[in-house]
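Remarks on the overall topology
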Amino acid sequence: MKFLNYKNIAIIFAGLGFIACEPEFDTPLDEAEVVTQSSGSVDFSNYVAVGNSLTAGFADGALYIDGQQNSLPALLARQMKAAGGGDFNIPFMSDNTGGFSDIPTQGPRLVFDVANGVPVPLEATSTTSITTKLQGSFNNMGIPGAKSFHLFAPSYGNPAGLVTEPATANPYFVRIASSPDVTWIEDVLVQQPTFFSYWLGGNDVLSFATSGGDGSEEITSTEMFTQAVQGGIAQISANGARPGVVANIPDINTIPFFTTVPNNALVLDAETAANLTGFFQAYSGIVTQGTALVLAGGNPAMITPQILQQANAVGSQYAFTFNPGPNRFIIQTQETQTNPRGIRQMTANELLVLTIDQAAIRQQGYGSVAVTDEVRAVLGKLATGGTPTMEEANLVLNAVNPFNDSDVLDNDELTQIAEASATFNTILEQTAAAFNLPLVDVRAILQELQGGIDIGTGVLTSGLGLTSAFSLDGIHLNPRGNAELTNRFIQVINETYGATLQPLVPGNFKTVTVK
Amino acid sequence: MKKLILLAACCLGSYASYAGGYRVSAQGQRALAMGHTGVAVVNSAELAFFNPSGLVYLENKLNISAGVTGIISNTQYQNLSTRQSAETKDILSTPFNFYATYKINDWLSAGLAVYTPYGSRVEYENNWAGADLVNTIDLKSIYFNPVVGIKLHENLSVGGGPIFVTGSVEFNRNLFREQIPSESPANVDLQVDGVTAWGWVASATFKPSDAFTLGVSYRSKIDIEAEGGDVTFENITFPDTEFDATLPLPAELTLGFSVQATEKLLIATEFNRAYWGAYDELSIDFTNPNVPDSRNARDYKNATIWRVGAEYNLNEKFDLRAGYYFDESPVQSGRFAPETPRNDSHGFTTGLSYNINEKLAVDASFVYLYFEEIEESYVNTFRPDVPAFSGSYKSNAFLFGLGLTYKL
């Protein structure tokens, strides 16, 4: 029995391991003929993608490796491989956290917090430093935050420009710029692309929209946009000699960032609604009294019925009524003679941004009223016919906590955005046509998404959810959304150039990133 | 003998699935060498597993059989259109068996059988193309089965006994299908051990003559019901939770006969019916309601195995054995999950016994398992949003077993 010890058995089994040859397929992968696709009339060997964050693979509020791997051009390049496509170099961030370790505004990506049902920043530290410059050239020349004219912007890749006021450089281009003085378009052209995609212009209007039109970002002027787009596409396409594809920009009412928080999300029970209505009656009364006093030159004795009527016309606009159920929020607006308090209730089509402070809405009466005990005491005094002191009246007036301009797109702003978007898309369309380049109608695709797009394994939707095409930031697409968009690009490329690029299966790409 | 038990205990690694589903047919070195036929082979204590009713026909008072089988199996996956490929890691797995029987009197025999009929260890490279279906699975079970055999008539006996099972399961997969593998994929690891369950076995032997034996045996289905198993999530934060899941170890009916063709040659044939229909889904219930449950369609079908084997008594020292079996996969088209990536298989078996003396023999067996190449896909009917996972699979396995037979 001695030979039956564990060691001997192990030796026998190890010996068997050698003779245990691996099973072999009839047609092993490495011997199988590679199924090639036609590139049609074009050459995909050096595809360069020009665009903004949507091209870079920005998602979940950050640029991170997984997002970059699943970006529109990266997926497109993947499908081009079978049709003679070359390597697609991506300026990868250092990690899957996203953001920069040394730029506080560019923090970690968002993840969905299941316990609380909201997106929250990933609890991790960014390791990408702006001081680390990447060497080499990159096929993905998508620069997050870029506008159309930045292609030609001097110092756009100069680190010194990051700290100027306003900043003249973009950290994402600083990372990859071949020299501090090079322009973005120079670094594109020097690669001598054989095929390109141009998807710029979104931020020329979107930056204004995401900032709530608060004045921190301007809509690019039509002249500047025309010049930048025409110049950009002309140079990148070598005046139409180089094949490529151009994409247009979406309408903001198809972007979840603007459509997720409804303007009537102030949901009240009967008692709260009555209290709030009561509050604004008191508020309205105070404004009427105050206005009358001003009109009477500060002398209460001089308040005539006419003055009172005039004052009432001003004060009564604040007698907002609230009903049980959803109610529209109160927003800040311009202080004018007819609206001296500079507040009003939102109207039907006005929009709120996704990043609005939801906790403040729930807890601090943001968008309505922050009723403190002191305010309640004044209201009680008013209800019993008392006359409030100036101080008490101000307590009531200041209790209103309207939404800041930066959180709201009002009708004026929406009109500006709609007009600019339409104009910009016309310019993109005309410029593409002028250089014989096909246009991918991203605007129409996102509109189609509103009703859901059948992807074979279910429906791809808009909004923010498990079936959505959007990442958690509500602006950028998630991998599945990018896969579907890639298929649309492929469709246009195949139709235009006679290629046979194969579509992706969007269901094989994930949607929401859960914390 | 102590040493042998110790050896068996040491080898309690894991057992690769090499038959249909996660059934591991290696319950006796002598039987294995002759196509794993045993229900109608009255030869050794291996009957305690194959057919306890036959124990009464054993000549000796005390019979002991023990053995361990080393299995090296390999599965290759490839998809010519996506150009993805993967293979399972070669892992040595070691199912074992220990049988002791005692003839109490002329009509009654009793015994104890310890064996490992179900188990599976499949380990793919992490983040392979099908990582959202399985990265690794490791199922272990040990059956403790006291048996009795009762001779009703000179030609007829019945037998059976209760089965106590202890089992453990570990299962690891990624949470999302990602065509482009993530740098930090969300992953879940499930672990439970010490799960116990009960079942039974019943059998009968009809022996109309010395040369002819007919045997039938039925082993009941046993559900491994895991409760409160450990759950570890990686790269994803879910609330703390445990899991409950049930894995069936299906019932099996065996019918077979043997003929002593000549003084030296025994021929046996056997038919197994494995009631895999019991495995319709793998449902993992996370006890925390905030963690979505996982339901995975299996829809296995009952499957049949045909076996044939022969034993030739060369001389006083050597008995030679050989056999063949055809093992039908219980997996249906469209449900080919990579966790049990096996198709119909052909088993070619051989082996021998070396009789050291009248009491003690060493048994050896060798099996080559050939699996037909198959192009298949897996569709989870509970997850219509996840596209089918398709590709070609090709597997093989080598088994090498050693055992001892002792008779007194």
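The structure reproduced in this document is the subject of the present report. Please read all numbers here as calculations on a predicted model, not as lab measurements.

1. Brief notes about the overall build of chain B
Scanning chain B from terminus to terminus reveals three helices and 22 strands. Scaling as 2.2 N^0.38, a compact globule of 408 residues should have a C-alpha radius of gyration of about 22 Å, and chain B matches this with 22 Å. Each of the three principal axes of chain B carries a C-alpha extent, and together these read 65 × 40 × 35 Å. Looking at chain B residue by residue over its 408 residues, the buried ones come to 62%. In chain B, the proportion of contacts linking residues at least 24 apart, taken out of those at least 6 apart, comes to 69%. Total accessible area on chain B stands at roughly 15100 Å², and carbon and sulfur atoms take up 56% of it. Considering chain B, the positive charge centre built from 30 side chains and the negative charge centre built from 46 side chains are found 8 Å apart.

2. Observations concerning the packing of aromatic side chains
The way to describe two aromatic rings as a pair is by their centre distance and the angle between their planes. All names here are of chain A. Evaluated as defined, the whole model comprises 49 aromatic pairs over all chains. When the centroid spacing of 5.1 Å and the interplanar angle of 55° are considered together, the rings of Phe100 and Tyr172 count as tilted. Here Phe100, found in the loop between helix H4 (72–80) and strand E2 (110–113), pairs with Tyr172, found in helix H5 (residues 171–174); they are 72 residues apart in sequence, far enough to count as distant. Of the residues examined, Tyr172 reaches a relative accessible area of 6% and is grouped as buried.

3. Considering the packing of helix H10 (residues 270–295) of chain A against helix H11 (residues 305–315) of chain A
Relative placement of two packed helices is described by the angle separating their axes and the distance separating the axes. Residue and element names in this part refer to chain A. In contact at an axis separation of 8 Å, H10 and H11 are set at 135° when each is read in the N-to-C sense. One element, H10, and the other, H11, form an angle in the oblique class. In the packing of H10 onto H11, the handedness of the crossing is right-handed. Here Ser284, Val287, Thr288, Thr291, Ala292 and Leu295 of H10 come into contact with H11, specifically with Ile307, Leu308, Gln310, Ala311, Asn312, Val314 and Gly315.

4. Notes on unusual backbone geometry
Residues and elements named next belong to chain A. A cis amide bond links Glu165 with the next residue in sequence, Pro166, at an omega value of -5°. Note on placement: Pro166 falls in the loop between strand E4 (140–142) and H5. Located in the positive-phi region is Asp60, a residue other than glycine, with phi close to 55°. Here Asp60 lies in the loop between helix H2 (53–56) and helix H3 (65–69).

5. Structural notes on the interface of chain B and chain A
On the side of chain A, 42 residues touch chain B, which itself brings 49 residues to the contact. Counting the surface lost from both chain B and chain A, the interface buries some 4100 Å², and carbon and sulfur atoms represent 66% of this. The three residues of chain B that bury the most area against chain A are B:Arg83, B:Gln179 and B:Ile180, which together make up 17% of that side's buried surface. Along the contact surface separating chain B from chain A lie one salt bridge.

6. Notes on the sheet that holds strand E5 (residues 195–199) of chain A
Residue and element names in this part refer to chain A. Judged by pairing direction, the sheet is parallel, and its five strands sit side by side in the order E4-E1-E5-E6-E15 without closing on themselves. If you trace the sheet from one side to the other, it starts and ends with E4 and strand E15 (439–440), each paired once. One ladder, built from five bridges, connects strand E1 (residues 47–51) with E5; its direction is parallel. Its bridge partner being in E5, Val48 is matched across the sheet by Phe196. Here helix H17 (residues 479–497) sits on the sheet in contact with E5, strand E6 (244–247) and E15, set at roughly 130° to E6.

So, how was this worked out
- Residues numbered from 1 in each chain as written.
- Chains lettered and ligands numbered in written order.
- Predicted model: local features only at pLDDT ≥ 70, side-chain atom pairs only at ≥ 80, totals over all residues.
- Heavy atoms only, no water.
- Helix = DSSP H or I, 4+ residues; strand = E, 2+ residues; numbered from the N terminus.
- Rg over C-alpha atoms; globule rule 2.2 N^0.38 Å.
- Buried < 20%, exposed > 50% of the residue type's maximum accessible area, 1.4 Å probe, protein only.
- Contact = heavy atoms within 4.5 Å.
- Areas by Shrake-Rupley, 256 points an atom, 1.4 Å probe, with all protein chains shown as cover.
- Lys, Arg positive; Asp, Glu negative; His and termini not counted.
- Charge placed at Lys NZ, Arg CZ, Asp CG, Glu CD.
- Phe/Tyr/Trp six-rings, centres within 6.5 Å; stacked < 30°, edge-to-face > 60°.
- Axes fitted to C-alpha atoms, helices over the stretch in contact; angles between N-to-C directions.
- Parallel < 35°, antiparallel > 145°, perpendicular 65-115°, else oblique.
- Left-handed = near helix turned anticlockwise from the far one by under 90°.
- Buried area = accessible area lost by both parts, 1.4 Å probe.
- Salt bridge = Lys/Arg side-chain N within 4 Å of Asp/Glu carboxyl O.
- Pairing = 2+ DSSP bridges.

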